[in-house]
Every structure is written in C-alpha cells, then in structure tokens.
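# Breakdown of the fold
Spelled out from the first residue to the last, the chains are:
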Amino acid sequence: MSSNRDLMVRCPFDDSIYGTCTSTAAEQVPAAIARARRAQAAWAAAPVTDRARVFRRLAALILDNRDKILDTIQAETGKARLSAFEEVMDASRAVRVFAGSAPGLLRPRRRAGAIPVLTSTVEHHRPVGVVGIINPWNYPFNLPASDGAQALLAGNAVVLKPDSQTPFTALLLAELLTGAGLPDGLFQVLPGSGAELGPALVAGVDYLMFTGSTATGRQLATACAERLIGFSGELGGKNPLLVLDDADLATAAAGTVHGAFANTGQVCVGIERAYIHQSVHDEFVDRLVALVRGLRLGVGYDWNLDVGSLSSAKQLAAVSTHVDDAVAKGATVLAGGRARPDLGPYCYEPTVLTGVTEDMLACREETFGPVLAVYRVASDDEAVARANDSRYGLNASVWSARRGPEVAARLRTGTVNVNEGYAAAWGSHAAPMGGMGESGVGRRHGDHGLLKYTEPQTVSVQRLHRIAPPPKLGNEGYATVMTAAIRLLNGGRR
Ligand code: NAP
C-alpha cells in the first residue's frame, strides 16, 4: 500500500524543479480501473469509424500544439529540441495511420465454415477491456500516444502509468485526447512509482503493454502470466550497425551519427555497436569522428543543438561507468569520452570508442547513452555473426548499395533498417515493431500492434444439419459419407 505523495519533477537542463504533481496511491488504482471499465462499455459499442474520428483529430491537435509538447518533453527529459520533435512527428503520423487502418482491421471477416453451405463462420475481434500501459522516460509522448491509440481504437480503455520523471508529458497527452473528443474515463494517467503501482495495475487490467528495461519486463511478464492476461514488452537492446564494402560512406557516416546519438543515445532502437568492413574501415571512421566532433552539445529550448543532456544523474553515472571501464581496460576514445558539467549537470560528450573487448561493460551491456563502439570486420559473414552474437534482438542497421535486404534476412532483430539507423522501420507505422530474444515479446505498430489488444472470437452458425450422425444413417454410414465428403473437400486423394 502507498499513500498520495507529491511527485517532484526536475528539469535535467539545470536540475531545477519543473513541477510537482500528486502521485497515485496503490489503493486508488482499482477505482481508476473500475472507472475505465465503465467508460469502456459504451466506447466499445460505438462504431469503429467514430473512434477513428477522435484519433484523426488528435493527429492534427498534436501538430497544432507542437511547441507546447516540445517544451514539456524537453523540460522533463533534457533532450534536444530536434529529438523532442521526432516524438511529435512520430505520434501524429502513427495516430493518423492507425485511425486509417483500424476500421478495416476490426471488420468482422467471413471464414470458410466447417461444412460448406451448412456452416457460416465469422471472425470477430472483441476488445480485451482495460489495457494498462507502463512507459519509460525516454519517449514520454509518442509511445503512450501510439500504444494508447491502438488500444483505444480497438475499443478498450487505457490506464497509463508514466515514468516518475515524465508525468506532465503524459498529462498533456491526456488533455489533447480530451480535446480530440475522447469520452471521460477512457484514458487515465496515474503518476507514481512503478514498484508501488505496478502490482495493483497488473492485478486489475486485462492486458499490459510495457516499455522499459528487460529486468522490469521479465518481472511484469511473470506477474501477467500468473493472471493469464496478455503481455507485450518492448525492452532493451544493444543494436548493431553494419557498413558493408559497397556502402556510400558519406551517407553511412551521417546516418550512423543520427542512429547512435539522436536523443542523446537514449533510444531503445539506437545504435551502440558498429561493424565496419576492413576495406572501408579507416575512411569511414575518419568521416564518423569528424562528424561526431562537430555535434553541438548543450541544454536549452532552441533548435540549434544536435545533442541534449542525459536525462538524470543515474543515466550520467551509467554512461560514465561504461566509458571509464572501457578506457581502464584498454579501449581508445576517438571522440568525446567525458562529462561536460560546464554545459549542463548531466551533459556527456558524444563518444566513439575503438578497441572494445569482451571484458568491457560497453561490449555487451546496453549503455543507453551517447556511446558507440566501432569494430573492424573482414567479411559480411563476420559482421552478421558478431551482430547476432547478443542476447538482445531489437533493431539493426545495414549500410550497403546492393546487399542490404540479403544481409537483413540473416539478422535476428525485430527491425532492420537498410541505409538508415532506426527511423525508417520505426516510422513505418503500418508494419510491426518490436524485439527478438531479450528485447521483448509482442509487437507495437502495424496490424499486430492493434489486434493484440483484442480477443479473437469465432461465431459459427450451423444450418439444417448438426455435425453428427443423422439417426437414419447410423455411425458407420455417417463415417462412410463423411470420409468421401472430406476427401472431396481435401481436393482428392493427394
Ligand atoms: P525501467 O526501470 O524498467 O522503467 C520503465 C517503467 O517501468 C517506468 O515507468 C517505471 O516506473 C516502471 N517500473 C519500474 N519498476 C517497475 C515494477 N516493478 N513494476 C511496474 N513498473 C515498474 O526502465 P528504464 O531503465 O527507466 O528505461 C530505459 C529502458 O527502456 C532501456 O532498457 C530501454 O532500452 C528500454 N526502452 C525500450 C523501448 C522499446 O521500444 N523496446 C523503448 C524505450 C525504452 P518509475 O520509474 O516511475 O518508478
């Protein structure tokens, strides 16, 4: 049990207090879920096209309120304005794409019946009920906007627990949803600690969508399994990038910089390992290092910075630990490699390392910061083998003029971006996004992302005859007739 407390949010730009909101007490969670459940019944009964209209309006409202959203995201996360804009752009587009596809996806579908003519079968997708969403701090706006949209479009209500660091961005999203016409009670934000609210949430919801660390995801998946409710987890990554010998090196270097350092490297699909073919390695690294050294690091709300602050003292400590450990064990810093308290309390320079070996934390552990390790490889085979040698499998990036799709087929990751770091696959909202291995279960985006929030229900109507021996025919006669009938249905003997 917990009680209401003030949740103080600090701005990473200068560690000042940005705002204080009331945290939810664990004992308030069941009432919030009950309220969501009451609102959900009418929402599920409304035509999907009515639900879609709300999200078409939301897509426009997000763009209309762009600057307010950017200011709030930046204040809570410390990211650069351009990185915050990626959230706005992504959220508006995702919501609009899902609003367009939901009516078709949720349409009841006629399926072949058990016995032609006599059985008519329809597949329906019923909403699961109340969906719980637990979100991390690194993408506080676009993730709950897009996950929430898919859950709500499917006819569910949503109860969102945002990260303790980013409640105001979540509350702003709720305000925009209300402005777009979402009825009361369908999207509730419960600010507060995950450890305290998590159990009450899992105990009451019908499905849990979690984005965050693999450790927390594993714990929540276990709790959901106990209740036999659905769970989707978008978890950690240690995402590889491959530069093949036929890549355009100027584009590849610029794309690697974005893939590794956007959002100050705090991107689940961001790049932390780069495998470069030996024939282009030196030229690629020269280009990369020159670009990284030119990145503008700092804090503030203007558009002229490329890389913002890390989000917290905890993130700064984690990044510093990985780099210091690598350097102490013999890695070489090609760019960056140090904190910049002169720019902001949690600023850390975009960093490129070489000579990273198995005994170093940065080799296999997710750094989740602006740190890229570069490795030289002798062939595509070696690049693929080393890229796949990870417990994670979220995203990969391949740079090649001709062999991208062929190499992609050999990679064990949920998304592969060819000639892009992460944005092409992530931004393809009509296609699924998620991780293999310890990067997660389930998918967001695409048809999977929406249908996972539904229970498929098959309704079959049987006419004239039941599927059982008619009294006059007897069991053996029935078996003879049905053997012939099934042979016919199967299309003959072979
Ligand atoms: P985290 O510690 O797992 O926290 C994420 C969320 O889970 C927060 O809202 C947190 O609440 C909550 N939480 C923590 N413990 C909980 C518990 N026992 N029960 C219920 N909820 C709990 O993750 P993080 O380290 O802050 O976030 C970064 C991680 O997220 C990285 O590993 C990153 O790769 C991953 N991520 C993945 C994706 C993806 O799409 N695959 C996207 C973004 C981030 P409080 O912090 O408020 O207490």
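Now for a quick tour of the structure. If you're wondering where the values come from, they're calculated on a predicted model, not measured in any experiment.

It is a probe the size of a water molecule, rolled over the atoms, that shows where empty space is left. Under the counting rule described, the total for this entry stands at 1 cavity of 30 Å³ or more. The computed volume of the largest cavity comes to approximately 30 Å³. If you go around the largest cavity, the residues you meet are Thr-77, Lys-79, Trp-137, Asn-138, Asn-263, Gln-266 and Ser-311. Residue composition of the lining of the largest cavity, grouped by class: 1 nonpolar, 5 polar and 1 charged. Per-domain counts for the lining of the largest cavity show at least three residues from each of domain 1 (6-235 + 445-455) and domain 2 (239-434).

So, on to the layout of surface pockets. Taken as a whole, the largest pocket holds about 1200 Å³ of empty space. Lining of the largest pocket is provided by 42 residues; of these, Trp-137, Gly-212, Ser-213, Thr-216 and Lys-314 occupy positions nearest its centre. If you list the elements that add at least two residues to the lining of the largest pocket, you get helix H7 (194-204), strand S8 (207-211), helix H8 (214-227) and helix H11 (313-328). Element by element, the count of residues in the lining of the largest pocket is highest for H8, at 7 residues. Across the lining of the largest pocket, the residue classes break down as 17 nonpolar, 17 polar and 8 charged. When residues of the lining of the largest pocket are assigned to domains, at least three fall in each of domain 1 (6-235 + 445-455) and domain 2 (239-434).

By the element assignment, Leu-394 lies in the loop between strand S15 (392-393) and strand S16 (395-399). Given a relative accessible area of 2%, Leu-394 falls into the buried group. A C-alpha to C-alpha distance of 8.7 Å links Leu-394 and Val-416, two positions 22 residues apart in sequence.

Across 3 bridges, the pairing between strand S12 (residues 332-335) and strand S13 (residues 351-354) is antiparallel. Looking across to S13, one finds that Val-333 is bridged to Leu-353. Direction of pairing for S13 relative to strand S14 (residues 371-377): parallel, over a ladder of 4 bridges. Bridge pairing in S14 places Val-352 opposite Leu-372.

Strand pairing within a sheet occurs via backbone hydrogen bonds; the two strands may be parallel or antiparallel. If you walk across this open sheet you meet the 3 strands as S3-S4-S20, and the pairing is antiparallel. With one partner strand each, in any of the chains shown, strand S3 (109-111) and strand S20 (454-462) form the two edges of the open sheet. Neighbour to neighbour, the strand axes of the sheet diverge by 30° on average, direction disregarded. With 9 bridges connecting them, strand S4 (residues 119-127) and S20 associate as antiparallel partners. Its bridge partner lying in S20, His-124 is registered against Gln-457.

Let us look at a positive patch on the surface. Together, Arg-56, Arg-57, Arg-93 and Arg-96 line one region of the surface with positive charge. When residues of the positive patch are traced back to their parent elements, those giving at least two are helix H2 (48-64) and helix H4 (81-106). For Arg-56, the location among the structural elements is in helix H2. For Arg-56, a relative accessible area of 36% gives the class partly exposed.

So, on to the site of the ligand. Among the 29 residues in the neighbourhood of the ligand, the closest are listed as Asn-135, Ser-164, Ser-213, Leu-235 and Glu-366. In the model, an oxygen atom of the ligand is placed 3.3 Å from a nitrogen or oxygen of the Gly-212 main chain. Here the ligand, which alone exposes 920 Å², has 86% of that area covered by the protein. Counting atoms within 2 Å of the grid points, the majority share of the ligand lands in the largest pocket. Across the shell around the ligand, the residue classes break down as 11 nonpolar, 13 polar and 5 charged. Split by domain, the residues of the shell around the ligand number at least three in each of domain 1 (6-235 + 445-455) and domain 2 (239-434).

Parameters and conventions
- Numbers given for residues are sequential positions, taken from 1 along each chain in its written order.
- Given that this is a predicted model, residues contribute local features only at a pLDDT of at least 70 and side-chain atom pairs are listed and counted only at 80 or more, while totals for whole chains, interfaces and linings are drawn from all residues.
- To get the side-chain values, take all heavy atoms of the structure and skip hydrogens and water.
- Both cavities and pockets are sets of points on a 1 Å grid over the protein atoms alone; in a cavity a 1.4 Å probe fits but cannot get out, in a pocket the set is open with protein on both sides within 12 Å along at least five of seven lines, and lining residues sit with an atom within 4 Å of a point.
- Grid points are joined across faces, edges and corners, and a volume is the space filled by probe spheres set on the points.
- Side-chain classes follow a simple rule in which Ala, Val, Leu, Ile, Met, Phe, Trp, Tyr, Cys and Pro form the nonpolar group, Asp, Glu, Lys and Arg form the charged group, and the remainder, Gly included, forms the polar group.
- Boundaries between domains were set according to an automatic or database domain assignment.
- A run of H or I in DSSP becomes a helix once it reaches four residues, and a run of E becomes a strand once it reaches two; helices and strands are each numbered from the N terminus.
- Burial status follows relative accessibility: with a 1.4 Å probe on protein chains alone, a residue under 20% of its type maximum counts as buried, one over 50% as exposed, and anything between as partly exposed.
- Any two strands are treated as partners once DSSP identifies two or more bridges connecting them.
- Orientation is described by lines fitted to C-alpha atoms, with helices fitted over the stretch in contact, and by angles between N-to-C directions that extend from 0 to 180 degrees.
- Patch construction takes residues with relative accessible area above 30% that form no salt bridge. Like charges are linked within 9 Å, and nonpolar side chains (Val, Leu, Ile, Met, Phe, Trp, Tyr) are linked within 5 Å.
- The protein chains shown are the only cover counted for residues, whose accessible areas, like all others here, come from Shrake-Rupley with a 1.4 Å probe.
- We define a salt bridge as a side-chain nitrogen of Lys or Arg found within 4 Å of a carboxyl oxygen belonging to Asp or Glu.
- Within this scheme the basic residues Lys and Arg register as positive and the acidic residues Asp and Glu register as negative, but His and the chain ends are omitted.
- Here the site of a charge means NZ on Lys, CZ on Arg, CG on Asp, or CD on Glu.
- Note on definitions. A residue lies near a molecule or strand when any single heavy atom of the residue is within 4 Å of it.
- By the criterion applied in these results, polar contacts are pairs of N or O atoms within 3.5 Å in which, for protein atoms, one can donate a hydrogen and the other can accept it, and in which residues neighboring in sequence qualify only through two side-chain atoms.
- For a cavity or pocket, the test is whether more than half of a molecule's atoms lie within 2 Å of its grid points; if they do, the molecule sits there.

In short, geometric facts, not functional conclusions.
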